[in-house]
Amino acid sequence: MAIIQTYPTAEVLAHAAAELFVTLAQESIRDHGHFSVALAGGSTPRAMYKNLATIEFTQQVNWERVYIFWSDERCVPPESEDSNYHMARDAFLKYVAIPPENILRMQGEIKPHQAAQSYEETLTHFFAPKPTRFDLILLGMGDDGHTASIFPATPAIHEAEKLVMAQYVDKLESWRITFTPALINAAANVAFLVSGEKKAYRLRQVIVGRYQPDQLPAQIVRPAVGKLRWLLDEAAAIHVTSTQI
Ligand code: 6PG
């Protein structure tokens, strides 16, 4: 099941995304004592993260029960401006009372394949003895239809065994670590945050176009039993209406 939620501006989208985070955190903590969430990288979610650092939101969450992961990472050191960890830490993690041991970043500074294997071990250990099933996975979408670091025509699209993998992305001339479709589609909730007219045409292709995940990897996100939400601003949603899925 997929839901499209459209908001007038990127700012309203960011506020709504923070509200969703808080709602799912409260529900998850009530249900099973903690909230496991994988953050998206890129620029779009930053405004959401900054909202989470405001008193309006910080006081609504029992942060000691929150466990923070990432759905992908660039293979750079944690202090790099390109690091998704660095962006989230500066936007909100350093402002909320999450115990440091609850923040489990991908190690972009070590060998990519070693980092991917180590992160997969971290995930399976965290969720054991239950399956590796996040309460929430946040995702963005690039204007080429990629999500996390699953880019067009890359092996991650068809990875059926691993939960986390490293891959070299030719167009970026760099290594990335990413959740695989299997891990994403096992989540209880998956939420895309997509903003801006630049992505509108690709978004329509992804949501209502022919299924072609090699060209449009975001299409591979089809949670088996979890809920999929598309949180869009009106600029990104100009070619998509909520009646279309
Ligand atoms: C990354 C992200 C990537 C991102 C999209 C959208 O590491 O860059 O995980 O998948 O979500 O590229 O990025 P923007 O939000 O910057 O448009």
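Residues numbered from 1 in each chain as written. Predicted model: local features only at pLDDT ≥ 70, side-chain atom pairs only at ≥ 80, totals over all residues. Heavy atoms only, no water.

### Things to note about the site of the ligand
The line we're drawing: Proximity criterion: a residue is near a molecule or strand once any of its heavy atoms comes within 4 Å of it. Any pair of nitrogen or oxygen atoms within 3.5 Å is treated as a polar contact; in protein, a donor-acceptor pairing is required on top of that, and neighbouring residues in sequence qualify only through side-chain atoms on both sides. Working definition of accessibility: Shrake-Rupley area with a 1.4 Å probe, residue cover restricted to the visible protein chains. Under the grouping applied here, Gly and all other residues not named as nonpolar or charged are polar, the nonpolar ones being Ala, Val, Leu, Ile, Met, Phe, Trp, Tyr, Cys and Pro and the charged ones Asp, Glu, Lys and Arg.
Taken together, 15 residues are adjacent to the ligand, and Ser43, Thr44, Asp72, Ala148 and Lys199 come closest. The side chain of Thr44 places a nitrogen or oxygen atom 2.6 Å from an oxygen atom of the ligand. Between the ligand and Arg74 there is a distance of 2.7 Å, counted from an oxygen atom to a side-chain nitrogen or oxygen. In isolation the ligand exposes 410 Å². Once the protein is present, 87% of that is buried. Considered class by class, the residues forming the shell around the ligand number two nonpolar, nine polar and four charged.

### Here's the deal with the sheet that holds strand 6 (residues 164-169)
Put simply, the rule is: Pairs of strands are assigned from DSSP output, requiring at least two bridges between the strands. Runs of H or I in DSSP of at least four residues are treated as helices and runs of E of at least two as strands, each being numbered from the N terminus. For helices, the axis comes from a line fit to the C-alpha atoms of the stretch in contact; other axes are also lines fit to C-alpha atoms, and the angle between any two N-to-C directions lies between 0 and 180 degrees. Throughout, a contact is declared for two residues whenever any of their heavy atoms are within 4.5 Å.
Taking strand neighbours across the sheet as the criterion, the three strands line up as 4-7-6 in an open arrangement whose pairing is antiparallel. A strand with exactly one partner marks an edge of an open sheet, and here the two such strands are strand 4 (72-74) and strand 6. The mean angle between the axes of side-by-side strands here comes to 20 degrees, regardless of whether they run parallel or antiparallel. With six bridges connecting them, strand 6 and strand 7 (residues 174-179) associate as antiparallel partners. By the bridge assignment for strand 7, Met165 is matched with Thr178. Contacts from helix 5 (residues 112-127) reach strand 6 and strand 7, with the element oriented near 155 degrees to strand 6.

### Here we look at the pattern of salt bridges
Let me state the cut-off plainly: What makes a salt bridge here is a side-chain nitrogen of Lys or Arg within 4 Å of a carboxyl oxygen of Asp or Glu, nothing more.
Evaluated as defined, the whole model comprises eight salt bridges. Note that Arg105 is salt-bridged to Glu109, the shortest N-O span being 2.7 Å. Where Glu159 meets Lys162, a salt bridge forms, and the shortest distance between an N and an O atom there is 4.0 Å. What emerges from the salt-bridge pattern is a single network uniting Glu79, Arg89, Asp90 and Lys94.

### Here's the deal with the sheet that holds strand 8 (residues 189-194)
Judged by pairing direction, the sheet is parallel, and its six strands sit side by side in the order 1-9-8-5-2-3 without closing on themselves. Either end of the sheet is taken by a strand with one partner, and the two such strands are strand 1 (2-7) and strand 3 (66-70). Adjacent strand axes in the sheet meet at a mean angle of 20 degrees when their direction is disregarded. Looking at chain direction, strand 8 and strand 9 (residues 227-233) are connected through six bridges and run parallel. Of the residues in strand 9, the one forming a bridge with Asn189 is Lys227.

### Points about the packing of aromatic side chains
Two measures describe an aromatic ring pair: the distance that separates the ring centres and the angle between the ring planes. Basically, it comes down to this: The rule is short: rings of Phe, Tyr and Trp, with Trp giving its six-membered ring, pair when the centres are within 6.5 Å, and they are stacked under 30 degrees, edge-to-face over 60, tilted in between. Buried residues are those whose accessible area, probed at 1.4 Å on protein chains only, stays under 20% of the maximum for their type, while exposed residues exceed 50% and partly exposed ones sit between those limits.
Scanning the model with the defined rule gives 16 aromatic pairs in all. Taking 5.2 Å as the distance between ring centres and 85 degrees as the angle between the ring planes, the aromatic pair formed by Phe21 and Phe35 counts as edge-to-face. You can see Phe21 sitting in helix 1 (residues 10-32) and its partner Phe35 sitting in strand 2 (residues 35-39), a full 14 residues away along the chain. Take Phe21: its relative accessible area is 1%, and that puts it in the buried class. For Phe35, a relative accessible area of 0% corresponds to the buried category.

### Looking at the side chain of Asn189
Take Asn189: it is sitting in strand 8. Each residue touching Asn189, except ones within four places of it in the same chain, is listed here: Leu24, Phe134, Asp135, Leu136, Ile137, Lys227 and Arg229.

### Focus on the environment of His34
By secondary structure assignment, the location of His34 is in the loop between helix 1 and strand 2. By relative accessible area, which is 23% here, His34 ends up partly exposed. Residues His34 and Leu13, spaced 21 residues apart in sequence, show a C-alpha to C-alpha distance of 25 Å. Those residues in contact with His34 that lie beyond four places of it in its chain are Ser28, Ile29, Arg65, Tyr67, Phe126 and Asp135.

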